[in-house]
Amino acid sequence: GILIVRPNGDVALANPAFYWMTGLDDSILQKDTLNAISLVAESDREVFASCIEMITRNMVPSTRMEASFYRNDESLFPAEVAFGSFYSGANPTAQIVIHDISDYKLAEEHGLKTHMELEMSYTATLNGWSRALELRDRETQGHSQRVTDKSVEIALRIGISLEKIIHVRHGALLHDIGKIAIPDAILFKPGPLTTYERHVME
């Protein structure tokens, strides 16, 4: 949608795409004053008004922001907004291009949800492997969880970021995973290992 807006936010002209996007009657400008700032969500109005002011006062040639706009039914849609100077002189105006990014935001949210589901599935798999390892070697039961808890505690104390803590946790859970490949005769042997058995362990 495209708007031509006066310094106070009043809309001088609007294209059909803008009316379609907002659900407003395209004859509104003929019978009433439409203010672009009032169409923006409360949280974005101050920045939106500042962008119009900067453009109409020739402080900047163009600027951009992301804002939410009201539809006629009071619902909101997210938009990328580009501001540019349309006419300078006695009656300065700003051209505002509004791009509805609802589909992009939905795709982004879906992508984040999918990522979280994969992360949870991965963590559940690692926990399962850790439990399987402990079922095989009951002498070290609880060892993987203790190592994991202590590793996370140390990582937090030395300042590793929360985003990276998950990798520390995964690594600690799997630190003994190699035991799964060791034959029981070697893993549970009560005496010292032979050279061959040590080679298998390594």
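Visitor: For this particular structure, what's the right way to read the overall build of the chain?
Guide: Helix and strand content of the chain: eight helices and five strands. Walking the chain from its N terminus toward its C terminus, one meets helices and strands in the order β-β-α-α-α-β-β-β-α-α-α-α-α. Relative to the compact-globule value of 17 Å for 202 residues, the chain shows a C-alpha radius of gyration of 31 Å, a clear excess of over 25%. Contacts in the chain between residues far apart in sequence, at least 24 positions, make up 47% of those at least 6 positions apart. Accessible area of the chain: about 13,000 Å², with a carbon and sulfur share of 57%. If the 19 positive side-chain charges of the chain are averaged to one point and the 28 negative ones to another, these points end up 9 Å apart.

Visitor: What is the right way to look at the pattern of salt bridges in this model?
Guide: Pairing of side chains with opposite charge becomes possible as their charged atoms draw close. Under the defined criterion, the tally for this structure stands at nine salt bridges. Here glutamate 42 ties to arginine 45 by a salt bridge, and the two come within 3.3 Å at their closest N and O atoms. On the accessibility criterion, arginine 45 (24% relative accessible area) is partly exposed. Residue glutamate 153 pairs with lysine 150 through a salt bridge whose shortest N-O separation is 3.6 Å. Of this pair, glutamate 153 and lysine 150 both sit in helix α5 (residues 143-157), three residues apart, roughly one helical turn. For glutamate 153, a relative accessible area of 32% gives the class partly exposed. Look at lysine 150 and you get partly exposed, because its relative accessible area is 44%. Through salt bridges with shared partners, one network takes in Glu66, Lys105 and Glu108.

Parameters and conventions
- Residues numbered from 1 in each chain as written.
- Predicted model: local features only at pLDDT ≥ 70, side-chain atom pairs only at ≥ 80, totals over all residues.
- Heavy atoms only, no water.
- Helix = DSSP H or I, 4+ residues; strand = E, 2+ residues; numbered from the N terminus.
- Rg over C-alpha atoms; globule rule 2.2 N^0.38 Å.
- Contact = heavy atoms within 4.5 Å.
- Areas by Shrake-Rupley, 256 points an atom, 1.4 Å probe, with all protein chains shown as cover.
- Lys, Arg positive; Asp, Glu negative; His and termini not counted.
- Charge placed at Lys NZ, Arg CZ, Asp CG, Glu CD.
- Salt bridge = Lys/Arg side-chain N within 4 Å of Asp/Glu carboxyl O.
- Buried < 20%, exposed > 50% of the residue type's maximum accessible area, 1.4 Å probe, protein only.

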